[in-house]
Amino acid sequence: MSRRKDVPAANALWGGRFDGGPSAIMQAINVSVDTDRRLAEQDIDGSVAHARMLAACGIVAAADAEVIVTGLEQVRAEVRAAEFQWSHALEDVHMNIEARLKELIGEPAGRLHTARSRNDQVATDFRLWLREACDRIDGQLAAFQRALVEQADRHAETVMPGFTHLQTAQPVSLGHHLLSYAEAAQRDRGRFADARKRLNESPLGAAALAGTAFPIDREMTAKALGFDRPMANSLDAVSARDFALEVLAAAAICSVNLSRLAEEIVLWTSRQFRFAQLSDAFSTGSSIMPQKRNPDAAELARAKPGRIAGALQSLLIVMKGLPLAYSKDMQEDKAITFQAIDDLELALAAMTGMAADLSFDIKTMAAAAGEGYSDATDLADWLVRELGKPFREAHHVAGAIVKVAEKQGVPLSALPLETMQAVEPGIDARVHSVLSAQASMNSRTSYGGTAPARVREQIARWRERLKG
């Protein structure tokens, strides 16, 4: 049977120094179990490694260590089955688990906390949790990239307007446009991988702040928990939270990158653009306007950077100016971080789903790609290539021809040859070969350019990179 929820305050594990229990207000501000219970699995993993190390070093009897490990695994089973009863009176995940362990195995449970503190314990748990979060997010980003690559493969030859300042600039391949987000996601993966590498050191054994007089083996516990090494300075081990800040920074940047595609989905699916449509799976309706199809999933993903960047800022302010080593302020780190990671993972799932779900109106996009004199740069380039003009002069001539076309209300391709020759006599009929959105897109063959042949190369590279 699991412990009752109403454990008396006198049973608090730190209670020997105190005659009375905490006030209701003190208990309310001090308790963290509703938040840090998410660390239960990591806490048990750390305790199992610690117990086995204590036995290997002769600090506790091997028989006691085995009883402790068996009891911890029973606690784990209760947690997984949602049968564990959490008590606010026991403050946090660590004390709840230890108290339940004592109920299960009795006196040996009291030996588990030898040579450690809640300070190094929570730092270890938090690093383990964030390491798992980085691994999950990396997998989710890879799935997002695969969805983008699949769409890019379908639309390598689909022409669309490229924009600067949200004004029509030059025609580009839709596949090329989508793959730009795969590139950004790869950098996001790199930031999480870098953060994971730096956080993967073990605080366990640093104890409260100064280390311990017991002959422990910190290399053993670090290896058992998958850390690269134990942290070299006990003060740093218990006080550092820059590992969480770094993960939050990576999360904030990632969420901003996702929000840019989310914004484009909002624009593309609008009646004004009509470039794309989301299915019912990623759209909602209006309670009053029956015609509405709203891209709410994209809008909500677009909003997530506010929460995630806010979490980064919040933890920066919590940590600002804290003296070494541990201060209770740092208890605020987990609620902030857990929520931010939850938000990012939900945004990633939504963006991956929408990236795969989008259907595109190829004709509308092609028509828009040819608007706004998007082939003007191609005209200037033709003047450079064929007539040998300096680019600045060619730019001026092309601008003057665009001005004439605007006055006549026609695209460059419909402008009579003699009208163009009135501006630049050297222009001949060959110029019409470059005056279309498709020709413009196809001509951009430089490395990293938007020509479909180059996009196909990018797709092949991404398929190879995303294998497995």
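Treat the numbers as computed from the prediction; the structure is a model and nothing was measured. In every chain, residue numbers begin from 1 and rise along the written sequence. The predicted origin of the model limits local features to residues at a pLDDT of at least 70 and limits the giving and counting of side-chain atom pairs to 80 or more, whereas totals for whole chains, interfaces and linings rest on all residues. The side-chain quantities take in all heavy atoms of the structure and omit both hydrogens and water.

Caption draft 1: Seen up close, the overall build of the protein. Numbering of helices and strands starts at the N terminus; helices are DSSP runs of H or I of at least 4 residues and strands are runs of E of at least 2. Within the protein, the regular secondary structure consists of 18 helices and six strands. Values of the radius of gyration come from C-alpha atoms, whereas the globule rule sets the reference at 2.2 Å times the count of residues to the power 0.38. The C-alpha radius of gyration computed for the protein amounts to 31 Å, which surpasses the reference 23 Å derived for 468 residues by more than 25%, pointing to a less compact arrangement than a globule. Along the longest, intermediate and shortest principal axes, the C-alpha atoms of the protein span 100 × 55 × 40 Å. Two residues qualify as a contact provided that any one of their heavy atoms is within 4.5 Å of a heavy atom in the partner residue. Considering only contacts in the protein between residues 6 or more positions apart, those separated by 24 or more positions represent 75%. Accessibility throughout is a Shrake-Rupley quantity obtained with a 1.4 Å probe, and a residue counts as covered only by protein chains that appear here. In the structure as shown, the protein presents an accessible area of about 21,900 Å², 54% of it carried by carbon and sulfur atoms. Within this scheme the basic residues Lys and Arg register as positive and the acidic residues Asp and Glu register as negative, but His and the chain ends are omitted. We put the charge of a Lys on NZ, of an Arg on CZ, of an Asp on CG and of a Glu on CD. With 54 positive and 60 negative side-chain charges, the protein shows a spacing of 1 Å between the two charge centroids.

Caption draft 2: Main features of the packing of aromatic side chains. Two aromatic rings, drawn from Phe, Tyr or Trp (for Trp, its six-membered ring), form a pair once their centres lie within 6.5 Å of each other, and the interplanar angle then sorts them: stacked below 30 degrees, edge-to-face above 60, tilted otherwise. Applying the stated criterion across every chain yields a total of seven aromatic pairs. Seen in terms of ring centroids, W268 and F360 are 6.0 Å apart; in terms of plane orientation they differ by 65 degrees. Their pairing is edge-to-face. Of this pair, W268 sits in helix 10 (residues 242-268) while F360 sits in strand 6 (residues 359-360), placing them 92 residues apart in sequence. Residue burial is assigned from relative accessible area. The probe radius is 1.4 Å, only protein chains are included, and a residue is buried under 20% of its type maximum, exposed over 50%, and partly exposed in between. Under the relative-accessibility criterion, W268 is labelled buried at 2%. Seen from their ring centres, F273 and F275 are 5.2 Å apart, and the 85 degrees between their planes marks the pair as edge-to-face.

Caption draft 3: Layout of a nonpolar patch on the surface. Residues L209, L235 and L324 make up a contiguous nonpolar surface patch of about 270 Å² in total accessible area. Along the polypeptide, L324 turns up in the loop between helix 11 (296-319) and helix 12 (333-357). Look at L324 and you get exposed, because its relative accessible area is 62%. Candidate patch residues must exceed 30% relative accessible area and have no salt bridge, after which like charges are joined if within 9 Å and Val, Leu, Ile, Met, Phe, Trp or Tyr side chains if within 5 Å. Salt bridge, as used here: a side-chain nitrogen of Lys or Arg that lies within 4 Å of a carboxyl oxygen of Asp or Glu.

Caption draft 4: The arrangement of the packing of helix 4 (residues 62-80) against helix 5 (residues 93-105) in detail. In this analysis, axes come from line fits to C-alpha atoms, helices being fitted only over the stretch in contact, and the angle between any two N-to-C directions falls in the range 0 to 180 degrees. Two elements in contact, helix 4 and helix 5, have axes whose closest approach is 9 Å; the angle formed by their N-to-C orientations is 115 degrees. Along this stretch, helix 4 crosses helix 5, giving a crossing that reads as right-handed. Facing V67, I68, G71, L72, Q74, V75 and E78 of helix 4, the residues of helix 5 in contact are I97, R100, L101, L104 and I105. Class assignment for the residues of the contact of helix 4 with helix 5 results in eight nonpolar, two polar and two charged. Handedness of a crossing is defined here by the sense of rotation of the near helix relative to the far one, left-handed for an anticlockwise turn of less than a right angle and right-handed for a clockwise turn. Residues are grouped as follows: Ala, Val, Leu, Ile, Met, Phe, Trp, Tyr, Cys and Pro are nonpolar; Asp, Glu, Lys and Arg are charged; all remaining types, including Gly, are polar.

Caption draft 5: Just the nonpolar core, in detail. We define a nonpolar core as any set of buried Ala, Val, Leu, Ile, Met, Phe, Trp, Tyr and Cys residues linked to one another through side-chain atoms lying within 4.5 Å. Of all hydrophobic cores here, the largest spans 91 residues; its most connected members are F144, F192, W268, L344 and M351. Apart from residues lying up to four places away in sequence, F144 is in contact with Y181, A185, L258, L261, L348, M351, T352 and A355. A376, A405, I427 and V431 belong to the second-largest nonpolar core, a separate cluster that totals 19 residues.

Caption draft 6: Quick look at helix 5. The terminal C-alpha atoms of helix 5 lie 18 Å apart, and with 13 residues this matches the ideal 18 Å at 1.5 Å per residue to within 8%. For helix 5, the full list of buried residues reads V93, H94, M95, N96, I97, E98, A99, R100, L101 and I105. Buried residues along helix 5 sit against helix 2 (33-36), helix 3 (40-56), helix 4 and helix 6 (118-154). The backbone nitrogen of H94 lies 3.1 Å from a side-chain oxygen of the residue at the head of helix 5, namely D92. Positive backbone phi, at 80 degrees, marks G106, one or two positions downstream of helix 5. Every helix has an expected span of 1.5 Å times one less than the residues it contains. In protein, a polar contact requires one atom able to donate a hydrogen and another able to accept it; more generally it is a pair of N or O atoms within 3.5 Å, and residues adjacent in sequence count only if both atoms are side-chain atoms.

Caption draft 7: Focus on the side chain of S117. With respect to the element layout, S117 can be found in the loop between helix 5 and helix 6. Only 2.9 Å separates the side chain of S117 from the backbone nitrogen of N119, close enough to count as a polar contact. Those residues within four positions of S117 in sequence are excluded, and the remaining contacts are A207 and A208.

Caption draft 8: Representation of the state of the cysteines in the model. The disulfide definition used here is simple: a pair of cysteine sulfur atoms within 2.5 Å. For the coordinates displayed, the defined rule picks out zero disulfides. Lacking any disulfide linkage, C254 is separated from the closest cysteine sulfur, that of C134, by 11 Å.

Caption draft 9: How the structure looks around the environment of R293. With respect to the secondary-structure elements, R293 resides in the loop between strand 5 (276-277) and helix 11. Judged by relative accessible area, which is 39%, R293 ranks as partly exposed. Setting aside residues up to four positions removed in sequence, R293 forms contacts with Q277, L278, S279, D280, S283 and T284. At 3.0 Å, the side chain of R293 forms a polar contact with the side chain of D280.

Caption draft 10: Main features of the pairing of strand 2 (residues 167-173). Here, strands pair whenever DSSP counts at least two bridges between them. As paired elements, strand 1 (residues 159-164) and strand 2 share five bridges and run antiparallel to each other. Each bridged residue has a counterpart across the sheet, and for P161 the counterpart in strand 2 is P171. Between strand 1 and strand 2, which pair antiparallel and follow one another directly, the connecting turn spans two residues, one of which, H165, has a positive phi of 60 degrees.

Caption draft 11: Highlighting the pattern of salt bridges. If you walk through the whole model with that rule in mind, you get 36 salt bridges. In this structure, the salt-bridge partner of D342 is R38, at a minimum N-O distance of 2.8 Å. One end of the pair, D342, is in helix 12; the other, R38, is in the loop between helix 2 and helix 3, with 304 residues separating them in the sequence. Classification of R38 as partly exposed rests on a relative accessible area of 36%. A single network of salt bridges, built from pairs that share partners, joins E41, D45, E73, R76 and R80.

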